[in-house]
Amino acid sequence: MDKKVVLALDGLDLDACVSLLSKLGDRVFGCKIHDLWDRHGPSVVSRFAAADNAARSSRLWVDLKLIDIPHT
C-alpha cells in the first residue's frame, strides 16, 4: 500500500507551497491551508489548480476557522 501525507501549508508563501508540492509529487494526498486563504482569498484555489500536476492533483482543505479559540 502506498502511504501518502496530508500537508499543513500554514506559514509558507504561495510560491513555496507550489514548489514543495512539485518536489513531493504523488506522495501528497492533500493539503490544508489557512493563512494562504487569509492572504489571497479564493484565488489561492485557482493557483493550485493552475500549478503543475502534483499541486493540481492534491486535495485542498481550506481551514477557514470561522469559530476558533484564541490560543490553540
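Residues numbered from 1 in each chain as written. Predicted model: local features only at pLDDT ≥ 70, side-chain atom pairs only at ≥ 80, totals over all residues. Heavy atoms only, no water.

## A few points about the side chain of His 34
Thought 1: Position of His 34 among the secondary structure elements: in the loop between β2 (28-33) and α2 (35-40).
Thought 2: Once residues lying within four places of it in the same chain are set aside, the contact partners of His 34 are Asp 10, Asp 63, Leu 64 and Lys 65. (Helix = DSSP H or I, 4+ residues; strand = E, 2+ residues; numbered from the N terminus. Contact = heavy atoms within 4.5 Å.)

## Details of the pairing of strand β1 (residues 5-8)
Thought 1: Inspection of the sheet shows β1 paired to β2 by four bridges, in the parallel sense. Each residue of the ladder has a partner; that of Val 5, found in β2, is Val 28.
Thought 2: Read as a crossover between parallel neighbours, the route from β1 over helix α1 (residues 14-24) to β2 is right-handed. (Pairing = 2+ DSSP bridges. Right-handed = clockwise from strand over helix to strand, strands pointing away.)

## Considering the packing of aromatic side chains
Thought 1: Enumeration according to the criterion identifies zero aromatic pairs in this entry.
Thought 2: It is Lys 32 that lies over the ring of Trp 61; its NZ or CZ is 5.9 Å from the centre. (Phe/Tyr/Trp six-rings, centres within 6.5 Å; stacked < 30°, edge-to-face > 60°. Lys NZ or Arg CZ within 6 Å of the ring centre and 35° of its normal.)

## A short note on the nonpolar core
Thought 1: With eleven residues, the main nonpolar core is built from Leu 7, Leu 9, Leu 14, Cys 17, Leu 21, Val 28, Cys 31, Ile 33, Leu 36, Val 44 and Phe 48.
Thought 2: Of all the elements in the fold, those that place two or more residues in this core are α1, β2 and α3 (43-50).
Thought 3: Those residues in contact with Val 28 that lie beyond four places of it in its chain are Lys 4, Val 5, Leu 7, Leu 21 and Ser 58. (Core = buried A, V, L, I, M, F, W, Y, C linked by side-chain atoms within 4.5 Å. Buried < 20%, exposed > 50% of the residue type's maximum accessible area, 1.4 Å probe, protein only.)

## What about the environment of Leu 9?
Thought 1: Among the structural elements, Leu 9 can be located in the loop between β1 and α1.
Thought 2: Taking C-alpha positions, Leu 9 is 9.9 Å from Leu 21, a pair spaced twelve residues apart along the chain.

## Topic: unusual backbone geometry
As a rule of thumb, non-glycine residues mostly have phi less than zero, and peptide bonds are mostly trans rather than cis.
Thought 1: In this structure, Lys 65 is a non-glycine residue whose phi angle is positive, near 50°.
Thought 2: Structurally, Lys 65 is set in the segment after β3 (59-62).

## Describing the pattern of salt bridges
Thought 1: Evaluation of the coordinates by the stated rule reveals five salt bridges.
Thought 2: Here Asp 10 ties to Lys 32 by a salt bridge, and the two come within 2.6 Å at their closest N and O atoms. Remark: Lys 32 occurs in strand β2 and Asp 10 occurs in the loop between β1 and α1; sequence separation between them is 22 residues.
Thought 3: A salt bridge links Asp 63 to Lys 65, with the shortest nitrogen-to-oxygen separation between them at 3.1 Å.
Thought 4: For Asp 63, a relative accessible area of 15% translates into the label buried. (Salt bridge = Lys/Arg side-chain N within 4 Å of Asp/Glu carboxyl O.)

Remember that the coordinates give geometry; whether it matters functionally is a separate question.
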